[in-house]
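The chain contents come next:
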Amino acid sequence: MKSAITVLLNHLILIAISQSALATETLKYELLERKPRPADHFTQGLYYDGKRWLESSGLYGRSWLAEYTDPSANPVRRKWLAGNRFAEGLAVFGDKLYLLTYRAGEVQVYDRKSLSQEKVLGYRGEGWGLTSDGEQLIMSNGSDQLTFRDPETFAVTRTLAVTGGGERWSRLNELEYVHGLVWANIWQDPRVIAIDPQTGVVKGVLNLQELQRDSLKEQQWNVDAVANGIAWDQARNGLWVTGKYWPNLYLIRPAGLGF
């Protein structure tokens, strides 16, 4: 016979699971704008300051960091990485730009205005996505964990497991911090999730499957052409989203969670 304590604990666990699932919204969105762009970008990180775009593109021997005024035109500036460096996520913090590498264990720090490299900081494990909440850098590594890091040293300040929504989350990739939440792509999944940075609970889910279909309808299917890339447009209160090898950027406005 089960003890009263065991029954109570099981009941509390079921309540917690139920509340966690209820707290996760399935978000609809409004499509505000579509911008064409070259379809050869292996997009890793994306950032928009209202005037200029920053983007990192991956793969060994083909990795670069670029700045644009118009995504459909040639970049204003482009920095090519060494052939043995695979570019990953990027984030702006103050007057610095931080660019992750996949397995080299280094984050490259650039001057935001000149794009000149200032230093390289090390870390253990893989680098996937990167963003900032204005106080710390927040990094993903392809697991279900977010890692908070000191911008000066890149030292770990805390880690956070992502939970909720009735699923076990993993493969967290590109990140963007908007309206107090961390928005994350999931590798090889068209969904974007909104994560509470204090608790790790998933507060909302966006499905970009229709945009993926729109971008790839005139192209031969590519297994790597997955949704990846999120940039906040503060002036228009929307998210620019795209994917690897997608020929379009899309400005969407989610219905809820501060939008």
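Residues numbered from 1 in each chain as written. Predicted model: local features only at pLDDT ≥ 70, side-chain atom pairs only at ≥ 80, totals over all residues. Heavy atoms only, no water.

**Thoughts on the nonpolar core**
Then step 1. One finds Trp183, Leu239 and Ile252 to be the most contacted residues of the largest nonpolar core, which totals 26 residues.
Then step 2. Put simply, the parts of the chain that give this core at least two residues each are strand E16 (181-186), strand E17 (189-195), helix H2 (209-216), strand E19 (227-233), strand E20 (238-243) and strand E21 (248-254).
Then step 3. In this structure, Trp169, Leu175, Val182 and Val202 belong to the second largest nonpolar core, which totals 15 residues. (Core = buried A, V, L, I, M, F, W, Y, C linked by side-chain atoms within 4.5 Å. Buried < 20%, exposed > 50% of the residue type's maximum accessible area, 1.4 Å probe, protein only. Helix = DSSP H or I, 4+ residues; strand = E, 2+ residues; numbered from the N terminus.)

**Some details on empty space enclosed by the protein**
Then step 1. Overall, the coordinates contain one cavity of 30 Å³ or more when judged by the stated rule.
Then step 2. Roughly 50 Å³ of internal volume is contained in the largest cavity.
Then step 3. Along its surface, the largest cavity is lined by Arg37, His41, Leu46, Trp53, Glu55, Tyr68, Pro71 and Leu249.
Then step 4. Residues belonging to the lining of the largest cavity are distributed by class as follows: five nonpolar, one polar and two charged. (1 Å grid on protein atoms, 1.4 Å probe; cavity = no way out; pocket = protein on both sides within 12 Å on 5 of 7 lines; lining within 4 Å. Points joined across faces, edges and corners; volume = space filled by probe spheres on them. Nonpolar A, V, L, I, M, F, W, Y, C, P; charged D, E, K, R; others polar.)

**As for the layout of surface pockets**
Then step 1. Its boundaries defined by the atoms lining it, the largest pocket holds a volume of some 310 Å³.
Then step 2. The wall of the largest pocket is formed by 19 residues, among which Tyr47, Tyr48, Glu176, Tyr177 and Trp232 lie closest to the centre.
Then step 3. Residue assignment for the lining of the largest pocket shows that the elements contributing at least two residues are strand E3 (43-48), strand E7 (87-93), strand E11 (130-132), strand E15 (172-178) and E19.
Then step 4. Considering every element that reaches the lining of the largest pocket, the biggest residue donor is E7, with four residues.
Then step 5. Residues of the lining of the largest pocket, tallied by class, amount to eleven nonpolar, five polar and three charged.
Then step 6. The volume enclosed by the second largest pocket comes to roughly 230 Å³.
Then step 7. Residue classes in the lining of the second largest pocket are distributed as six nonpolar, two polar and three charged.

**Some points on the sheet that holds E20**
Then step 1. With antiparallel pairing, the four strands of this open sheet are ordered in space as E2-E21-E20-E19. Every interior strand has two partners, whereas the edge strands, strand E2 (29-36) and E19, have only one. The average angle at which neighbouring strand axes cross in this sheet is 25°, direction not considered.
Then step 2. Here E20 runs beside E21; their pairing, made up of three bridges, is antiparallel. (Pairing = 2+ DSSP bridges. Axes fitted to C-alpha atoms, helices over the stretch in contact; angles between N-to-C directions.)

**What about the confidence of the model for the protein chain?**
Then step 1. Summarising the model, the protein chain shows a mean pLDDT of 91, and 90% of its residues fall at 70 or more.
Then step 2. In the model, residues 4-22 has pLDDT below 50 throughout and makes five contacts with residues more than four positions away in sequence or in other chains. (pLDDT = per-residue confidence, 0-100. Contact = heavy atoms within 4.5 Å.)

**Let's talk about the pattern of salt bridges**
Then step 1. Counted under the stated rule, the structure contains 16 salt bridges.
Then step 2. One salt bridge in this structure joins arginine 37 and glutamate 55, with 3.0 Å as the shortest N-O distance. Highlighted residues: arginine 37 in the loop between E2 and E3 and glutamate 55 in strand E4 (residues 53-57), separated in sequence by 18 residues. The burial state of arginine 37 is the same as that of glutamate 55; both residues are buried.
Then step 3. Here glutamate 118 ties to lysine 96 by a salt bridge, and the two come within 2.6 Å at their closest N and O atoms. Here the residue glutamate 118 occupies a position in strand E10 (residues 117-122), and lysine 96 occupies one in strand E8 (residues 96-101), the gap between them amounting to 22 residues.
Then step 4. Note on lysine 96: relative accessible area 21%, which makes it partly exposed.
Then step 5. Where salt bridges share partners, they join Asp49, Arg52, Glu67, Arg77 and Arg112 into one cluster. (Salt bridge = Lys/Arg side-chain N within 4 Å of Asp/Glu carboxyl O.)

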